[in-house]
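Survey of secondary and tertiary structure
Chain by chain, the residues:
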Amino acid sequence: MIAPDALFDAVVGPFLEFAFMRRALAACLALALGCGPVGVLLVLRRMSLMGDAMSHAVLPGAAIGFLAAGLSLWAMSLGGFLAGLAVALLAGLVSRATDLREDASFAAFYLISLAGGVLIVSLRGSNIDLMHVLFGTILAVDDAGLLMVAGISTVTLLTLALLYRPLLVECFDPGYLRAVGGPGAACHLVFLVLVVLNLVGGFQALGTLMAVGLMMLPAATARFWAERIWSLALVAMAIAFASGVGGLLLSFHLNLPSGPSIILVAGTAYLLSVGLGPVGSLRARWFPGRHLEA
Amino acid sequence: MIAHAMAARTAPDDLVRLHDLTLGYRRHPAVHHLSGAFRAGSLTAVVGPNGAGKSTLLKAIAGTLRPLSGRVVLTGAQRRDIAFLPQQAEIDRSFPIDVLDTVLLGHWRRVGLFGAVTRRQIEQAGEALAAVGLPGFERRPIGALSAGQFQRVLFARLLVQDARLILLDEPFTAIDARTTADLLDVVRRWHGEERTVVAVLHDIEQVRAHFPDTLLLAREAIAWDRTDDSLTAANLKRARAMAEAWDESATPCRRSTP
């Protein structure tokens, strides 16, 4: 049995002792608050892989920002945001104006964008720079980075609160929303902007490739724990934050890279929930309990 | 003959007028040069073989499909007065939402994006659920409903919408006899309230029994009249003879537009 003192030292100690761990913790909390509900909506809209596509789309913008201004958070974030937004808008326009479905047009534009990004980085930067952009450094989050992540999650939560009703109806019954003249297309667009914003917020901490992990894994996990939209969002936030804490501690104690540690903790939570969660999991399928009277 | 019938139908109490309407996909007409009108307060069945353009016509009236040529004119109504129940609604039935919230969506025109739902509106939703035979189902998640129960919920939402023009696209397909009878009662109630109802249907006996007017459609209007005059054996035979396949090498239509 582990002594309570030792446990306290192992779990709380690193955050008390090191400012960079506290910053990383705050960044994780902010990311969890924004990414949780956005991820839940992505899952409900059957757009789980769209987040992945968007995270790739962000790369060339971040790379151009990096080449223009070095490792400047603002330049890279702005570039990433613009690139992600451009891909989202172009893909949306093509799918609305032509017969091509949205997933296919997303795939086309993000692949173009990703290839452009890799080309830019490999032309001008060294491999270590590429690793920075791809895998992030949450342990090096500075004040500016923290402010940005917190700002993004604030904007996200306020926007979601404002657009809650049309966003959900647009997920649930888009034909009806169109028939009653609701702003379905506008809501979809604002939502895509939120996705891009949150991915940009995540990429300094986790890198472009893994920012989407903190968005999708907790959201997919939440489906095994909750059945209403607000509870799904709360569970996703909690799991995302817990994964952040767990990942940071793992990375601190075992000297592992922080980004993959956080995502792997979230992945572990997902796998456990697939097996053991109370709603629609393997356990609920295989051992449903006695049937009810009516 | 058709032209004559149409001319006689253009009356001041028309709610929806179709002017030489051609609808279709990729320039191939699904509805070809259709003219006529739905009177305010009429209860019309739209009948015809598969591919006759029935669903396409409803989409055009609802305003979700742009005509290739011709016009749909809403003379006595606006788009906001239309309630449309599409055939295969793009509804995600695994979505975590309950029956009451689904029915409350019927209040959208009055509540909008941000407005609060009043206690009275929640009561109305409850009454609508009782009217379609689902009293007490308010808190059930929609994922737990059968296909028939879910269709009843959609009818409850139509009731709440309180629309003057109601478009139903094959509302009773894959629905059992009892549910169909209950929902036909709802349709009859709408007719009694002088709402205009247009329903795409397949069951000819059902149409004869419950629908005073019928548009027999086979790309063009075979007949559009009182049901007994529309659904004659000769007319039905003509409708069945319509070629469903489209002709890839069809040339542009040269029929003059009046």
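Each remark here, short or long, concerns the structure printed above.
Residues numbered from 1 in each chain as written. Chains lettered and ligands numbered in written order. Predicted model: local features only at pLDDT ≥ 70, side-chain atom pairs only at ≥ 80, totals over all residues. Heavy atoms only, no water.

Quick look at the environment of Leu154 of chain B now. Residue and element names in this part refer to chain B. Along the chain, Leu154 turns up in helix H6 (residues 147-161). Residues Leu154 and Val103, 51 residues apart in the sequence, show an inter-C-alpha distance of 7.2 Å. Setting aside residues up to four positions removed in sequence, Leu154 forms contacts with Leu85 and Ile91. (Helix = DSSP H or I, 4+ residues; strand = E, 2+ residues; numbered from the N terminus. Contact = heavy atoms within 4.5 Å.)

It is worth spelling out the sheet that holds strand E7 (residues 196-200) of chain B at this point. Residue and element names in this part refer to chain B. Taking strand neighbours across the sheet as the criterion, the 6 strands line up as E5-E6-E7-E3-E8-E9 in an open arrangement whose pairing is mixed. On the outer flanks of this sheet lie strand E5 (82-85) and strand E9 (220-226), each paired with one strand and no other. The average angle at which neighbouring strand axes cross in this sheet is 15°, direction not considered. Here strand E8 (residues 213-218) pairs with E9 via 6 bridges, running antiparallel. When the bridges of E9 are listed, Leu216 appears paired with Ala223. Contacts from H6 reach E5 and strand E6 (165-169) within the one sheet, and its direction differs from that of E5 by about 175°. Contacting strand E3 (43-47), E6 and E7, helix H7 (residues 177-192) crosses the sheet at an angle of about 155° to E6. (Pairing = 2+ DSSP bridges. Axes fitted to C-alpha atoms, helices over the stretch in contact; angles between N-to-C directions.)

As a measure of interface size, the accessible area lost when the parts come together is often cited. In this assembly, 26 residues from chain B lie in contact with 26 residues from chain A. Summed over both sides, the interface between chain B and chain A buries roughly 2200 Å², with carbon and sulfur atoms accounting for 56% of that surface. The largest contributions to the chain B side of the interface with chain A come from Phe95, Pro96 and Trp108 of chain B, which together make up 29% of the buried area. Remark: the boundary between chain B and chain A carries 3 salt bridges. A salt bridge links Arg228 of chain A to Asp98 of chain B, with the nearest nitrogen and oxygen atoms 3.3 Å apart. Viewed at the interface, chain A and chain B are joined by 9 residue pairs in polar contact (both at pLDDT 80 or more). Mapped onto the side of chain B that touches chain A, the elements with two or more residues apiece are helix H3 (99-104), helix H4 (108-111) and H6 of chain B. The element that contributes the greatest number of residues to the side of chain B that touches chain A is H4 of chain B, accounting for 3 residues. The class makeup of the residues in the side of chain B that touches chain A is 11 nonpolar, 6 polar and 9 charged. (Buried area = accessible area lost by both parts, 1.4 Å probe. Salt bridge = Lys/Arg side-chain N within 4 Å of Asp/Glu carboxyl O. Polar contact = N/O pair within 3.5 Å; in protein donor to acceptor, adjacent residues only side chain to side chain. Nonpolar A, V, L, I, M, F, W, Y, C, P; charged D, E, K, R; others polar.)

A few words now on the packing of aromatic side chains. The tally for this structure, following the rule as stated, stands at 7 aromatic pairs over all chains. A centroid spacing of 5.6 Å and a plane angle of 35° characterise the contact between Phe172 of chain A and Phe95 of chain B, whose relative ring orientation is tilted. Taken as a pair, Phe172 of chain A in helix H8 (residues 143-172) and Phe95 of chain B in the loop between E5 and H3 lie in two separate chains rather than in one. The exposure classification of Phe172 of chain A matches that of Phe95 of chain B, with both residues buried. (Phe/Tyr/Trp six-rings, centres within 6.5 Å; stacked < 30°, edge-to-face > 60°. Buried < 20%, exposed > 50% of the residue type's maximum accessible area, 1.4 Å probe, protein only.)

Attention now moves to the pairing of E6 of chain B. Residues and elements named next belong to chain B. Judged by how many residues are buried, E6 sits mostly within the fold: 5 of 5 residues are covered. Here E6 shows two buried faces, one formed by Leu165, Leu167 and Asp169 and the other by Ile166 and Leu168. As paired elements, E5 and E6 share 4 bridges and run parallel to each other. Within E6, the position partnered with Ile82 by the bridge is Leu165. Taken together, the 5 bridges between E6 and E7 define a ladder with parallel strand orientation. Bridged to Leu167 within E7 is Val198.

Residue and element names in this part refer to chain B. The buried count for E7 comes to 5 of 5 residues, which makes it a mostly enclosed element. Side chains Thr196, Val198 and Val200 project from E7 onto one buried face, and the interleaved Val197 and Ala199 project onto a second face that is buried too. Pairing analysis gives 4 bridges linking E3 to E7, with the strands arranged parallel. In the strand pairing of E7, Val46 is matched with Val200. A crossover links E6 with its parallel partner E7, the connecting element being H7, and its sense is right-handed. (Right-handed = clockwise from strand over helix to strand, strands pointing away.)

Another point: a nonpolar patch on the surface. All names here are of chain A. There is a patch of nonpolar side chains on the surface, built from Leu29, Leu33 and Leu157 and spanning about 200 Å² of accessible area. Within the secondary structure layout, Leu157 lies in helix H8. A relative accessible area of 31% places Leu157 in the partly exposed class. (Patch = residues over 30% accessible without salt bridge, like charges linked within 9 Å, V, L, I, M, F, W, Y side chains within 5 Å. Areas by Shrake-Rupley, 256 points an atom, 1.4 Å probe, with all protein chains shown as cover.)

Let us now look at unusual backbone geometry. All names here are of chain B. Unusually for a residue other than glycine, Glu170 sits at a positive phi of about 45°. Although it is not a glycine, Arg219 sits at a positive phi angle of roughly 70°. Along the chain, Arg219 falls in the loop between E8 and E9.

A word on the layout of surface pockets. Taken as a whole, the largest pocket encloses approximately 1600 Å³ of empty space. Lining the largest pocket we find 38 residues, and of these Ser95, Arg101, Glu102 and Arg178 of chain A together with Glu90 of chain B sit closest to its centre. Those elements that provide at least two residues to the lining of the largest pocket are helix H4 (48-69), helix H5 (73-97), helix H6 (102-124), H8, helix H9 (174-179) and helix H10 (184-206) of chain A together with strand E1 (14-25) of chain B. Of the residues contributing to the lining of the largest pocket, the split by class is 16 nonpolar, 8 polar and 14 charged. (1 Å grid on protein atoms, 1.4 Å probe; cavity = no way out; pocket = protein on both sides within 12 Å on 5 of 7 lines; lining within 4 Å. Points joined across faces, edges and corners; volume = space filled by probe spheres on them.)

A word on the environment of Arg285 of chain A. Residues and elements named next belong to chain A. Assignment of secondary structure puts Arg285 in helix H14 (residues 282-286). Exposure remark for Arg285: the relative accessible area of 67% places this residue in the exposed category. Taking C-alpha positions, Arg285 is 9.7 Å from Gly275, a pair spaced 10 residues apart along the chain.

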